[in-house]
Amino acid sequence: MAESLRGLGNDMNDGVRTRVSGKKALDIGTANPMNLHPDGGWELLQLKKD
């Protein structure tokens, strides 16, 4: 099941480079080639289970 179809809240993201799962969260490093755009550059996100 897709967690997001819109870049995990940032439309500049075009994919996920790394994922690390733990018991309570999923850490994600995004792929974002727009490093000169204000919303550009990679992000490190943590998704937690509700």
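Remember, predicted model here, so these are calculated numbers, not experimental data. Starting afresh in each chain, residues are numbered from 1 along the sequence in its written order. Predicted model: local features are reported for residues with pLDDT of at least 70 only, side-chain atom pairs are reported and counted for 80 or more only, and whole-chain, interface and lining totals are derived from all residues. Note that the side-chain values use all heavy atoms of the structure and ignore hydrogens as well as water.

## Some words on the overall build of the protein
Moving on, step 1. The numbering of helices and of strands both runs from the N terminus, where a helix is a DSSP run of H or I of at least 4 residues and a strand a run of E of at least 2. Within the protein, the secondary structure is distributed over 0 helices and 3 strands.
Moving on, step 2. The linear arrangement of helices and strands in the protein, starting from the amino end, is β-β-β.
Moving on, step 3. Principal axes of the C-alpha set define a box for the protein whose edges measure 35 × 15 × 15 Å.
Moving on, step 4. Three exposure classes are used, based on accessible area relative to the maximum for each residue type with a 1.4 Å probe and protein chains only: buried under 20%, partly exposed in between, and exposed over 50%. Each of the 50 residues in the protein was classed as buried or not, and the buried ones make up 16%.
Moving on, step 5. The criterion used for residue contact is that any of the two residues' heavy atoms lie within 4.5 Å. Long-range contacts, defined as pairs at least 24 residues apart, comprise 16% of the intrachain contacts of the protein with a sequence gap of at least 6.

## Side note on the confidence of the model for the protein
Where the model shows low pLDDT, its predicted coordinates should not be examined in detail.
Moving on, step 1. The pLDDT score gives, residue by residue, the confidence of the prediction method on a 0 to 100 scale. A residue-level look at the protein finds 100% of positions with pLDDT of 70 or above and a mean pLDDT of 87.
Moving on, step 2. Here strand 1 (residues 15-21) stands out as the least confident element of the protein, with mean pLDDT 89; strand 2 (residues 25-31) is the most confident, with 92.

## A look at the pairing of strand 2
Moving on, step 1. By this definition, two strands are paired if DSSP reports at least two bridges between them. Looking at chain direction, strand 1 and strand 2 are connected through 6 bridges and run antiparallel. Each bridged residue has a counterpart across the sheet, and for Arg-19 the counterpart in strand 2 is Ile-28.
Moving on, step 2. Taken together, the 5 bridges between strand 2 and strand 3 (residues 44-48) define a ladder with antiparallel strand orientation. Residue pairing for strand 3: Asp-27 is matched across the bridge by Gln-46.

## Quick look at the sheet that holds strand 2
The strands making up a sheet are joined through hydrogen bonds of the backbone, oriented either antiparallel or parallel.
Moving on, step 1. Taken in spatial order, the 3 strands of this open sheet run 1-2-3, and their pairing is antiparallel. Lying at the two open borders of the sheet, with one neighbouring strand each, are strand 1 and strand 3. Averaged over neighbouring strand pairs, the angle between their axes works out to 25 degrees when direction is ignored. For helices, the fitted axis covers only the stretch in contact; all axes are lines through C-alpha atoms, and the angles between them, taken along N-to-C directions, range from 0 to 180 degrees.

## A few points about the side chain of Asn-13
Moving on, step 1. As for its position among the elements, Asn-13 is in the segment before strand 1.
Moving on, step 2. Identification of polar contacts relies on pairs of N or O atoms within 3.5 Å, with a donor-acceptor requirement for protein atoms, meaning one able to donate a hydrogen and the other able to accept it, and with residues adjacent in sequence counted only if both atoms are side-chain atoms. At 2.9 Å, the side chain of Asn-13 and the backbone oxygen of Gly-7 are in polar contact.
Moving on, step 3. Those residues in contact with Asn-13, other than ones at most four positions away along the chain, are Gly-7, Thr-30, Ala-31, Asn-32, Gly-41 and Glu-43.

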